[in-house]
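# Structural description and commentary
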Amino acid sequence: PTYFLIEIRSEQLAMKLDREMEMLLNEIPLLLHGDVLGCGEPAAAETDTDAVDFSYLIQELGEMGFVEDDDDDDDNAFLHPRKASSSPTSNLHFMDAENFVASRPFSMDKDRERALFDPFPFSSTCFDAAVGDDWDLLCPPARSRLCKTARPKKGTCSHGNGCQATSPKKCAAAKPSKYESLVGLRGYMYHVARDQHGCRFLQQRLDDGKREVDFIFTGVARHAVDLMVNPFGNYLMQKLLAVCSEEQRMGIVLTLTKDPFVLVRISLNVHGTRAVQKLIESLRAREEIQLVVAALRPGFLELIKDPNGNHVVQKCLQSFGADDNKPIFDAAAVYCLDIGMQCHGCCVLQRCIARSTGEHKEKLVAAIARNGFELAQDAYGNYVVQYVIELKVATANASLAQQFEGKYIHLSMQKFSSNVVEKCLKVFKEADKANIILELLSAPQFERLLLHPYANYVVYAALQNSKGSLHSALTNAIRPHVELLRTSPYCKRIYSRALLKK
């Protein structure tokens, strides 16, 4: 920060000196005029009392090096005093413009001549001047604000030394890091981890060895909760969890699980969810796993339904064993209706079924089957019911068939539940399929099913998955309505000669 503050101060000083220089240079033509300062003959009406006092201007020019004492050499003087005793310019003379040498702070090299109207930008010689003039100022090299040719071509890197970067943003050398060593960051590690460049620097140091890992861990471990939800700090915590020792990881776990709702809150955060997933991946000890699952358990329902939190629960299902995930299975079974009717929850519920085994799986499938009728009519729940039907669990399918019996026509005429009826016609036993087809044929107005935008798919599935007398009964019920099928946009597949002739 001190480096950039000095750079800004140097630029401000240069701008101020440029403005003062311009103002003083505007006065020089007046000083060079003989009638003003006495180089020529005075005007007839001019008296000493009418003379203009330029003492303040001469003093400023003297301080800045434009005017020198007339003690040593009068050869270069082109302005002579009119009155040796009273004129403010009697003991001073101006240097010739062609041989003008600017003194400090405009010229940092007294042996180098510079034209009067040349710009005076700060350069690398600022360091030499600072030492020579006993300045307590260390200013970095700065580009001239007046030199347009020094600007790099648009879209290319301005850094030298053969840098081939196509953009200044891609040139690492053009942006020197503020951080050079870990030793200087002692006591500030938490603040550095929250900075974009500081976080990247710390991540790079984690690759240097155990000593650096221990040093960084000591500085950020107690701030793990805040860093895991930070846009930059969460990346450092992910990297730290991957390289730290088992004892250090246990320390982080204890910090996060001290309050059970802390880990839930982190998991709901858009940045924290990634850090928690990385934590779950890195857990090996049974004690660590139990602590994390116990801390997440109070918020399972909220996590499952959250766009960020559901990934944490799915990571638990993927990384832990069935016994460790038992609390998740139990919660899913209890709240299966609420979970299954939510966009993120239906995915988690299917993952729970896939990862569970034995008693846990039977309990979960049975709970879903008991709520099959409500779930079948939901935009998301119908996918859960179809998933359970495809498992071909006899008890679950029997439970669903019992719930759907007498309601197949109602379910067939709905957008979401019609998909479930189609799945039943493909997977159920022959006896259950026959019950579905007979119920469809018993509809008071069978032609309504043929012309319905959703039920026509159920009739088509019944034609595909029936045979023998049941298939003949279906084709016989369809043939009287052939003329309607020809003109209906929903009946093209049903009006198939191959199916009708089968």
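No experiment lies behind these values; they were computed from the predicted model shown.

So, about the environment of Val348. Note that Val348 resides in helix α18 (residues 343–355). Remark: the alpha-carbon pair of Val348 and Gln314, spanning 34 residues in sequence, is separated by 6.4 Å. When residues no more than four places from it in sequence are discounted, the contact partners of Val348 are Ile304, Asn310, Val313, Gln314 and Leu317.

With that out of the way, let us pick up the nonpolar core. Counting 105 residues, the largest nonpolar core has Leu202, Leu240, Ile368 and Phe404 as its most contacted members. Of the residues forming this core, the biggest block, six residues, is contributed by helix α27 (residues 455–464). In contact with Leu202, other than residues within four places in its own chain, are Leu182, Leu185, Met189, Val192, Ala193, Ile216 and Leu236.

This part takes up the pattern of salt bridges. Inspection of every chain in the model, using the stated rule, returns 12 salt bridges. The partner of Arg249 in a salt bridge is Glu288, with the nearest N and O atoms 3.6 Å apart. You can see Arg249 sitting in helix α10 (residues 246–257) and its partner Glu288 sitting in helix α13 (residues 286–296), a full 39 residues away along the chain. Relative accessible area serves as the criterion here: at 2%, Glu288 is assigned to the buried category. What you see here is one network of salt bridges that share partners, running through Lys278, Glu281 and Lys315.

Moving on: the confidence of the model for the protein chain. Looking at the protein chain, the pLDDT average stands at 75 and 64% of residues meet or exceed 70. Under a pLDDT of 50 for its full length, residues 67–150 has, in the predicted model, 117 contacts with residues more than four places off or in other chains. Of the regions scoring below 50 in pLDDT, residues 167–176 engages in 13 contacts with residues more than four places distant in sequence or in other chains.

Looking now at the packing of helix α11 (residues 260–268) against helix α12 (residues 272–282). At a minimum axis separation of 6 Å, α11 and α12 run at an interaxial angle of 120°. On the basis of their axis angle, the class for α11 and α12 is oblique. Contacts between α11 and α12 pair Leu263, Ile266 and Ser267 from the former with Gly272, Thr273 and Val276 from the latter. Within the contact of α11 with α12, the residues separate by chemical class into three nonpolar, three polar and no charged.

Look at the UniProt record and you will see "repeat: Pumilio" (unreviewed entry) annotated at residues 219–255, 295–330, 367–402 and 403–439. In residues 295–330, the share of helix is 64% and the share of strand is 0%. The end C-alpha atoms are 15 Å apart.

Take α12 next. Within α12, eight of the 11 residues are buried, which leaves the element mostly enclosed by the surrounding structure. Of the surrounding secondary structure, the elements contacted by the buried residues of α12 are α8 (224–228), α9 (233–243), α10, α11, α13 and α15 (309–319).

A word on the environment of Thr218. Position of Thr218 among the secondary structure elements: in helix α7 (residues 210–220). Accessibility expressed as a relative area gives 62% for Thr218, which makes it exposed.

We now examine the environment of Lys326. Here Lys326 lies in helix α16 (residues 326–334). It is 8.5 Å that separates the C-alpha atoms of Lys326 and Ser356, two residues lying 30 residues apart in sequence.

With that out of the way, let us pick up the packing of aromatic side chains. In the structure shown here, the tally under the stated rule is one aromatic pair. One residue, Lys407, lies across the ring of Phe373, its end atom 4.3 Å from the ring centre.

It is worth spelling out the side chain of Glu439 at this point. Looking at the element boundaries, Glu439 is found in helix α25 (residues 430–441). Although Glu439 is buried, it forms no salt bridge, and the closest oppositely charged side chain is Lys407 at an N-O distance of 9.6 Å. A distance of 3.0 Å separates the side chain of Glu439 from the backbone nitrogen of Gly406, its partner in a polar contact. Beyond its immediate chain neighbours, meaning those up to four positions away, Glu439 contacts Glu405, Gly406, Lys407, Tyr408 and Ile409.

Conventions and cut-offs
- Residues numbered from 1 in each chain as written.
- Predicted model: local features only at pLDDT ≥ 70, side-chain atom pairs only at ≥ 80, totals over all residues.
- Heavy atoms only, no water.
- Helix = DSSP H or I, 4+ residues; strand = E, 2+ residues; numbered from the N terminus.
- Contact = heavy atoms within 4.5 Å.
- Core = buried A, V, L, I, M, F, W, Y, C linked by side-chain atoms within 4.5 Å.
- Buried < 20%, exposed > 50% of the residue type's maximum accessible area, 1.4 Å probe, protein only.
- Salt bridge = Lys/Arg side-chain N within 4 Å of Asp/Glu carboxyl O.
- pLDDT = per-residue confidence, 0-100.
- Axes fitted to C-alpha atoms, helices over the stretch in contact; angles between N-to-C directions.
- Parallel < 35°, antiparallel > 145°, perpendicular 65-115°, else oblique.
- Nonpolar A, V, L, I, M, F, W, Y, C, P; charged D, E, K, R; others polar.
- UniProt positions renumbered as here; feature names shortened; annotations may be inferred.
- Phe/Tyr/Trp six-rings, centres within 6.5 Å; stacked < 30°, edge-to-face > 60°.
- Lys NZ or Arg CZ within 6 Å of the ring centre and 35° of its normal.
- Lys, Arg positive; Asp, Glu negative; His and termini not counted.
- Polar contact = N/O pair within 3.5 Å; in protein donor to acceptor, adjacent residues only side chain to side chain.

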